Amino acid sequence: MNALIKAEFRRLTATRMWRWALLTAVLLGGGLVGLMAAVGPENFTPPMPGMHTEEGVLSVLGMLGFTVFVPAALGTLAMTAEYRHRTATYTFLFAPRRWQVLTAKLVTFGGAGLVYGLVLAVSAGAGLYGALAARGVTPGLAAGTVWALLLRLALTMAVYTLLGVAMGALIRNMTVALAVVIGYLYMGELILMMIPGVNLVYPLLPGGATASLTSFTYVADAVAGELATSPVSLLSPVGGGFLLAGYALVAAAVAVLVPMRRDVL
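Criteria and thresholds
Residues numbered from 1 in each chain as written. Predicted model: local features only at pLDDT ≥ 70, side-chain atom pairs only at ≥ 80, totals over all residues. Heavy atoms only, no water. Helix = DSSP H or I, 4+ residues; strand = E, 2+ residues; numbered from the N terminus. Rg over C-alpha atoms; globule rule 2.2 N^0.38 Å. Buried < 20%, exposed > 50% of the residue type's maximum accessible area, 1.4 Å probe, protein only. Contact = heavy atoms within 4.5 Å. Lys, Arg positive; Asp, Glu negative; His and termini not counted. Charge placed at Lys NZ, Arg CZ, Asp CG, Glu CD. Polar contact = N/O pair within 3.5 Å; in protein donor to acceptor, adjacent residues only side chain to side chain. UniProt positions renumbered as here; feature names shortened; annotations may be inferred. Patch = residues over 30% accessible without salt bridge, like charges linked within 9 Å, V, L, I, M, F, W, Y side chains within 5 Å. Areas by Shrake-Rupley, 256 points an atom, 1.4 Å probe, with all protein chains shown as cover. Salt bridge = Lys/Arg side-chain N within 4 Å of Asp/Glu carboxyl O. Phe/Tyr/Trp six-rings, centres within 6.5 Å; stacked < 30°, edge-to-face > 60°. Core = buried A, V, L, I, M, F, W, Y, C linked by side-chain atoms within 4.5 Å.

- Per an unreviewed UniProt entry, the chain is named ABC transporter permease, and its organism is Streptomyces gougerotii.

See below:
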């Protein structure tokens, strides 16, 4: 296992993908959050609570939940690239016990997803406090609560990396897998939220669990306002965290079991 993990890590660091991923984390974290904090959410359309309120800080940081497609896409590429470039055959010949290969891939990319999340969190915290200091605004949320929220976001990014690996195990075609991941995250759950009755399952979906974990209710409230219905009741942050952990375990099982039962083409 140690040799396989080292091999996966070397393969990972030999590509430019994760260098660009870490740069993206800095841009999304420090750049996006810093820009929103500098502009002030009260100046958005529609306006949101200002950064001097608890709701304003939660809304701005919760926006990072919309960026989970990045680690999900990276996890998907980790699997589909093996089939696209036809390296899976050589990998499984070198290490015939596929479950060990796939476990090593999960460990490596799960850790990489966590590193991505931590870079995103630290840069977001720096952007937030830097922008507010420049504006002379005192954040409406205590520093300890802010950093705890950012840590939960970092863990969320690691989970979505594993979900991406599982999707890559299910769908070998890189283009199709990426389209499904991004389409589901940006269209699938949003459509479900707009269907009365069906929207009740939203809190149990990955997006709903993420919103619960990050205390980001803006989208659910906005959809409810447009439909003139009561907002769906999200889980508690603890419940959302456990649900995401469950999704991570299921994703890991899928990523290991599915390729073991398939021929390598």
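### Points about the overall build of the chain
Item 1. Helix and strand content of the chain: eleven helices and zero strands.
Item 2. For 265 residues, the compact-globule estimate of 2.2 N^0.38 gives 18 Å, and the C-alpha radius of gyration of the chain, at 19 Å, lies within 12% of that figure.
Item 3. Looking at the 265 residues of the chain, the share that counts as buried comes to 45%.
Item 4. Put simply, of all contacts in the chain between residues at least 6 apart along the chain, 79% involve residues at least 24 apart.
Item 5. One finds the centroid of the 15 positive side-chain charges in the chain at a distance of 22 Å from the centroid of its 9 negative side-chain charges.

### Considering the environment of A251
Item 1. Mapped onto the elements of the fold, A251 is located in helix α11 (residues 237-260).
Item 2. Sequence-wise, A251 and L141 are 110 residues apart; in three dimensions their C-alpha atoms are separated by 34 Å.
Item 3. Excluding its chain neighbours within four sequence positions, the residues that come into contact with A251 are L162, L163 and A166.

### A short note on the environment of K105
Item 1. In this fold, K105 is placed in helix α6 (residues 98-135).
Item 2. Residue class for K105 comes out buried when judged on its relative accessible area of 3%.
Item 3. Taking the C-alpha atoms as reference points, K105 and V256, 151 residues apart in sequence, are found 9.5 Å from one another.
Item 4. Residues contacting K105, with those up to four places away along its chain left out, are E8, A78, M79, E82 and G110.
Item 5. At 3.3 Å, the side chain of K105 and the side chain of E8 are in polar contact.

### Re the UniProt feature "transmembrane region" (unreviewed entry) in the chain
Item 1. In the UniProt entry, the feature "transmembrane region" (unreviewed entry) is given for residues 20-40, 60-81, 102-129, 141-163, 175-195 and 238-258.
Item 2. Annotated as residues 141-163, this span is 91% helix and 0% strand, and its ends, taken at the C-alpha atoms, are 31 Å apart.

### Observations regarding a nonpolar patch on the surface
Item 1. A contiguous nonpolar patch, built from F66, I182, Y186, M187, I191, I195, V198 and V201 and spanning about 630 Å² of accessible area, is present on the exposed surface.
Item 2. Relative to the elements of secondary structure, I182 occurs in helix α8 (residues 174-193).
Item 3. Given a relative accessible area of 36%, I182 falls into the partly exposed group.

### Brief notes about the packing of aromatic side chains
Item 1. Counting across every chain of the model gives two aromatic pairs.
Item 2. Between W18 and F109, the aromatic rings sit 6.2 Å apart at their centres with planes inclined by 50°, giving tilted as the arrangement. On the criterion of sequence distance, the pair formed by W18 in helix α2 (residues 17-39) and F109 in helix α6 is long-range, its members being 91 residues apart. F109 shares its class with W18; the two are buried.
Item 3. An angle of 25° between the planes, with centres 6.4 Å apart, marks the rings of Y129 and W147 as stacked. Taken together, the residues Y129 in helix α6 and W147 in helix α7 (residues 143-170) connect sequence positions 18 residues apart.
Item 4. For W147, a relative accessible area of 37% corresponds to the partly exposed category.

### Examining the nonpolar core
Item 1. Ranked by internal contacts, the top residues of the largest apolar core, which has 60 residues, are W18, L61, Y116, L128 and L150.
Item 2. Of all the elements, α6 adds the most residues to this core, at 13 residues.
Item 3. Leave out the neighbours within four places in its chain, and L61 touches V33, L128, V146, L149, L150 and L153.

### Some words on helix α3 (residues 54-62)
Item 1. With seven of nine residues buried, α3 lies mostly within the body of the structure.
Item 2. Those residues of α3 that sit buried are G56, V57, L58, S59, V60, L61 and G62.
Item 3. Those residues of α3 hidden inside the fold are in contact with α2, α6 and α7.

### Considerations on the pattern of salt bridges
If charged atoms from side chains of opposite charge come close, those side chains can pair.
Item 1. A complete count under the given rule lists three salt bridges for this structure.
Item 2. Between E8 and K105 there is a salt bridge; the shortest N-O distance is 3.3 Å. With E8 in helix α1 (residues 2-13) and K105 in helix α6, the pair connects residues that are 97 residues apart, well separated along the chain.
Item 3. The salt bridge partner of E42 is R135, with a shortest N-O separation of 3.1 Å. Pair noted here: E42 is in the loop between α2 and α3 and R135 is in helix α6, with a separation of 93 residues, a long-range link.
Item 4. Within the structure, one salt-bridge network assembled from shared partners comprises E8, R11 and K105.

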